[in-house]
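Each chain, written out:
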Amino acid sequence: MYSRKNSMESIPEEITEVWACTKEDCKGWMRDDFAFDTEPVCHLCQSPMVKETRSLPQLVNTNKQQKSLGKGIQIERK
């Protein structure tokens, strides 16, 4: 058999503003572009979040008015 190593295409990254959970043992975070609130709470533990920057793969949010929209309906887990 023939094998050939395919070179992986590098994914472009950029410095991105994110909201990170303040609770020490929680790893919750979200991109600011995709947050519904101007000061969100952690969706995992309901703790406050602080703004910080991270180097993340580029994503484009075509909806620039995300925070002006209402939140969707929460789906309850059973």
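Owing to the predicted nature of the structure, the values given are computational and were not obtained by experimental measurement.

Here the focus is the overall build of the chain. In terms of regular secondary structure, the chain is built from zero helices and three strands. Starting at the N terminus, the α and β elements of the chain follow one another as β-β-β. Carbon together with sulfur atoms contributes 51% to the accessible area of the chain, which is approximately 7,300 Å² in total.

A few words on the sheet that holds strand S1 (residues 13-21). Here we have three strands laid out as an open sheet, ordered S2-S1-S3, and antiparallel in their pairing. At either margin of the open sheet sits one strand with a lone partner, and together these are strand S2 (29-31) and strand S3 (49-57). For this sheet, the mean angle separating the axes of adjacent strands, direction not counted, is 35°. Taken together, the nine bridges between S1 and S3 define a ladder with antiparallel strand orientation. Across the sheet, residue Glu17 finds its bridge partner in S3, namely Thr53.

On to the environment of Cys45. Tracing the backbone shows Cys45 in the loop between S2 and S3. Sequence separation of Cys45 and Lys23 is 22 residues, and the distance between their C-alpha atoms is 8.2 Å. Once you skip the residues sitting within four places of it in the chain, Cys45 turns out to touch Cys21, Lys23 and Cys26.

Another point: the pattern of salt bridges. If charged atoms from side chains of opposite charge come close, those side chains can pair. By the definition in use, this model includes three salt bridges. Here Glu17 ties to Lys51 by a salt bridge, and the two come within 3.6 Å at their closest N and O atoms. Of the two residues, Glu17 sits in strand S1 while Lys51 sits in strand S3, which places them 34 residues apart along the sequence. Judged by its relative accessible area of 42%, Glu17 is partly exposed. With a closest N to O distance of 3.0 Å, Arg54 and Glu52 form a salt bridge. For Arg54, a relative accessible area of 27% puts it in the partly exposed group. Within this structure, Glu17, Asp32 and Lys51 form a network of salt bridges that share partners.

Rules used throughout
- Residues numbered from 1 in each chain as written.
- Predicted model: local features only at pLDDT ≥ 70, side-chain atom pairs only at ≥ 80, totals over all residues.
- Heavy atoms only, no water.
- Helix = DSSP H or I, 4+ residues; strand = E, 2+ residues; numbered from the N terminus.
- Areas by Shrake-Rupley, 256 points an atom, 1.4 Å probe, with all protein chains shown as cover.
- Pairing = 2+ DSSP bridges.
- Axes fitted to C-alpha atoms, helices over the stretch in contact; angles between N-to-C directions.
- Contact = heavy atoms within 4.5 Å.
- Salt bridge = Lys/Arg side-chain N within 4 Å of Asp/Glu carboxyl O.
- Buried < 20%, exposed > 50% of the residue type's maximum accessible area, 1.4 Å probe, protein only.

Function cannot be read off these values alone, since they describe shape.
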